[in-house]
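Here's the letter readout for the chains.
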Amino acid sequence: MIRATITHALLAMALLFTQPALSLAAEAIEPEPLQERAGQVVGELLSRYHYNDLQTNDQLSEEVYRAYFDALDPRRFYFTAADLEAFADRSDRLDDEIRTGRLDTAYAIFERYRQRVNERSDHALDVLGSGLDFNSAETLELDRSDVDWAGSSEELDELWRKRVVNDALTQKLNGREVEEIKASLAGRYKRLSRTLSQYTAEDVFQVFMTAWAGEFDPHSSYMSPRTSENFDINMRLSLEGIGALLSNEGEFVEIVELIAGGPAETSGQLKAGDRIVGVGQEPNDIQDVVGWRLADVVDLIRGPKGSEVHLRILPSARGSDSRERVITLTRNTIELEEQAARAEVREVEREEGLERIGVIEIPAFYADFGAANAGDEDYRSTTRDVSELLASKALADIDGLVIDLRGNAGGSLEEAVRMTGLFIDRGPVVQVHRSNGRREVLTDPAAEPAIYDGPLGVLVDGRSASASEIFAAAMQDYGRGVVMGDQTFGKGTVQTLVGLERFGVGDEQTPSGRLKLTIAKFYRINGESTQLEGVTPDLEMPYPQASDSMGERAADNALPWDTIRSADYVRIGRLDGLINTLRRHHQQRLRLDPALQAVAGEASRLEAERDRTRVSLNEAERRAEIDAAEAARLAAVNAQLTAYGREPLDSLDGLEPDMVPDVLLDEAVEVVADLAELQAGGTPRMVGRLSPVQAAAR
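Residues numbered from 1 in each chain as written. Predicted model: local features only at pLDDT ≥ 70, side-chain atom pairs only at ≥ 80, totals over all residues. Heavy atoms only, no water.

S.K.: Hey, could you go over the pattern of salt bridges for me, with residue numbers and the actual values?
M.R.: For the structure shown, the criterion picks out 46 salt bridges. For the salt bridge of Arg161 with Glu138, the shortest nitrogen-to-oxygen distance reads 2.6 Å. Linking Arg161 in helix 7 (residues 153–172) with Glu138 in the loop between helix 6 (104–129) and strand 1 (139–141), this pair joins segments that are 23 residues apart in sequence. According to the relative accessible area criterion, Arg161 is partly exposed, its value standing at 26%. With relative accessibility at 25%, the residue Glu138 sits in the partly exposed group. Between Arg350 and Glu670 there is a salt bridge; the shortest N-O distance is 2.7 Å. Of this pair, Arg350 sits in strand 9 (residues 342–350) while Glu670 sits in helix 21 (residues 663–679), and the two are 320 residues apart along the sequence. Summarising the burial analysis for this pair, Arg350 and Glu670 share the class buried. What you see here is one network of salt bridges that share partners, running through Arg350, Arg589, Glu667, Glu670, Asp674 and Glu677. (Salt bridge = Lys/Arg side-chain N within 4 Å of Asp/Glu carboxyl O. Helix = DSSP H or I, 4+ residues; strand = E, 2+ residues; numbered from the N terminus. Buried < 20%, exposed > 50% of the residue type's maximum accessible area, 1.4 Å probe, protein only.)

Here is the structure:
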């Protein structure tokens, strides 16, 4: 629904209260022969080739049964316990149905879901028309993923009454008038039914088969033809949009990952976990997209290169209690150049003089495979670009180096292996253990002396995943570099895409989609998996944006951490005996440095807010909470600015991301400066927090 003006809002309200609530009766969706055959193939592929050797039996069937209800209703706003009981006699038959090409139960449960959504839509409209009270002492639990299913429709009525009040209060706190709010929410609740009336047999099949695959691990899923097309566009980095991977989280569209070099990432205004609640082609004409299908939201965001799209964002930091904000992004095609590694030099003043510490930021592990396959000897890749930076005048005569992998979600495994070879002479980098038991050791292909063998630090965070974890783990296992930051994501599995056409399902005229299948796990050269636990830093840093809810450890059915035998490698051990000294100096700065103290305080505050999942439905209390949070955020920003000799801000209005100093990167530089002095036989002695050069530059 287009955001209404006051006139349009009044008209919409008149329609709302003079007409009966609408329940959209739609013809029941039945599985087609294509889905029935595809279900057989997907079930067989998962059973035979998935790394997790699960048997397709009654136990798996019962687990999928529960997972399917959760997939349809993750926040438990629609189904009652009686709904789950109504189909319980079929819960152990899903495996038999898959084998025989029947999907009756899955589609019958979906029809019950549509019925319940229609009922809730009607009830929400009734609540909206009966008046809204923002002065009560009531609260609402936002995290309902683990609560019991409602015992009756009356219990859901009460829950939805609170939900409607909360939805309205959230908009009121963002400056909208009551009439506009009611019109906006009326459109939203009607759309809940309308969206489901547009579902096809393929849409239902994708939800069910993804729930089935998800019982094997969280990275296996079925992709419909339309989903497959969007996946391919993202992998080619040619999406003319905002450069973000999105997913449905209940009725919300949530940002899962920002593509390095894309408009969303370079804007500095978005982060994983933020929810897109509105999309518009004009800033004053933003359409509410809560309750939309993900593919439809993607279509609305996508547009011609160079055009603008306006997003209404509900930030993740404070859940549904956050203030919405509207941001404007210019659509663009993501090019390798925008993902390319980049370098700078930072100077640290010590008693013996200035230490020059190079910093290479690597947003992703990339390679222009098309150019490489075409025989272009000058094709772009992470390893080539980092090699050139290390040989450049900019990084000449540096005393140490920081590799910044924060936010690097991975990319090319080959590039992670090749780049490791820039910092070691020779040896293995990572082990791959496949579902058939085969172990493969990937080794530095160059087997030549390291291009850079000086003091080295690797900076990571909770978004550093996959290829990033492989590189960081190798540096740690060899004792080649000190790893700093936050525990990494924990993505230690390998997926492959299997087109179902290969098995006689569909054809070019009738595509059948693909299965994303986990077939292997990554292991460090010391034999430990990077799966689930990721890489634990040698030196930990406070991260305000850290959240276990975004990592592998929060995923359902994640494959476990385990070990295999170690690869044959020789530890360089240049950090042996130095880590404790580095840690002692680092912890001293954490205690004494005002900027680091401000970052640590902000991290603790945000962690407490993330743990607070119950919100007040009282307007005065909510406003007070928001004001207190903004005051705390402003104090943290000003503490950092003051520590860097900058003028404090009067408010957060107009605060740009690049205005806030990168305190953690500067601390990583300090650590590597310490390391350089220790490896040179000296004793680290810092002169002040920042050098005059840094202070002037900032």
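S.K.: Tell me about the nonpolar core, residues and numbers included.
M.R.: If you look at the biggest cluster of nonpolar residues, it comprises 68 residues, and the most contacted ones within it are Tyr68, Tyr189, Phe208 and Trp212. Elements that contribute at least two residues to this core include exactly helix 2 (33–49), helix 3 (58–72), helix 5 (94–99), helix 6, helix 7, helix 8 (178–197), helix 9 (201–214) and strand 17 (514–523). Among the elements that line this core, the one with the most residues is helix 6, at ten residues. In this structure Tyr68 touches Ala106, Ile109, Phe110, Val204, Val207, Phe208 and Ala211, once residues within four positions along its chain are discounted. (Core = buried A, V, L, I, M, F, W, Y, C linked by side-chain atoms within 4.5 Å. Contact = heavy atoms within 4.5 Å.)

S.K.: For helix 9, give the residues involved together with the corresponding values.
M.R.: Residues that lie three or four places apart on an α-helix share one face, since the helix turns once every 3.6 residues. The end-to-end C-alpha distance of helix 9, which contains 14 residues, comes to 20 Å, matching closely the 20 Å that a straight helix rising 1.5 Å per residue would cover. In terms of residue burial, helix 9 counts as a mostly covered element, since ten of its 14 residues are buried. Buried within helix 9 we find Ala201, Glu202, Val204, Phe205, Phe208, Met209, Ala211, Trp212, Ala213 and Gly214. (Expected span 1.5 Å × (residues − 1).)

S.K.: Before we move on, can you summarise a negative patch on the surface with the specific residues and values?
M.R.: On the surface, Asp376, Glu377, Asp378 and Glu388 cluster together into a patch of negative charge. Looking at where Asp376 falls in the secondary structure, it is placed in the loop between helix 14 (369–373) and helix 15 (382–390). Judged by relative accessible area, which is 38%, Asp376 ranks as partly exposed. (Patch = residues over 30% accessible without salt bridge, like charges linked within 9 Å, V, L, I, M, F, W, Y side chains within 5 Å. Areas by Shrake-Rupley, 256 points an atom, 1.4 Å probe, with all protein chains shown as cover. Lys, Arg positive; Asp, Glu negative; His and termini not counted. Charge placed at Lys NZ, Arg CZ, Asp CG, Glu CD.)

S.K.: For the packing of helix 6 against helix 7, give the residues involved together with the corresponding values.
M.R.: Angle between the axes and distance between the axes: these two values describe a pair of packed helices. For the pair helix 6 and helix 7, the least separation of the axes is 9 Å and the interaxial angle reads 50°. Between helix 6 and helix 7, the crossing angle belongs to the class labelled oblique. The element helix 6 and its partner helix 7 pack so that their crossing is right-handed. In contact with Arg120, His123, Ala124, Val127 and Leu128 of helix 6, helix 7 contributes Ser153, Leu156, Asp157, Trp160, Arg161 and Val164. Residues belonging to the contact of helix 6 with helix 7 are distributed by class as follows: six nonpolar, two polar and three charged. (Axes fitted to C-alpha atoms, helices over the stretch in contact; angles between N-to-C directions. Parallel < 35°, antiparallel > 145°, perpendicular 65-115°, else oblique. Left-handed = near helix turned anticlockwise from the far one by under 90°. Nonpolar A, V, L, I, M, F, W, Y, C, P; charged D, E, K, R; others polar.)

S.K.: Tell me about helix 2, residues and numbers included.
M.R.: With 17 residues, helix 2 should reach 24 Å at 1.5 Å per residue; the first-to-last C-alpha distance of 24 Å fits that figure. Leu34, Gln35, Ala38, Gly39, Val41, Val42, Gly43, Leu45 and Leu46 are the residues of helix 2 that are buried.

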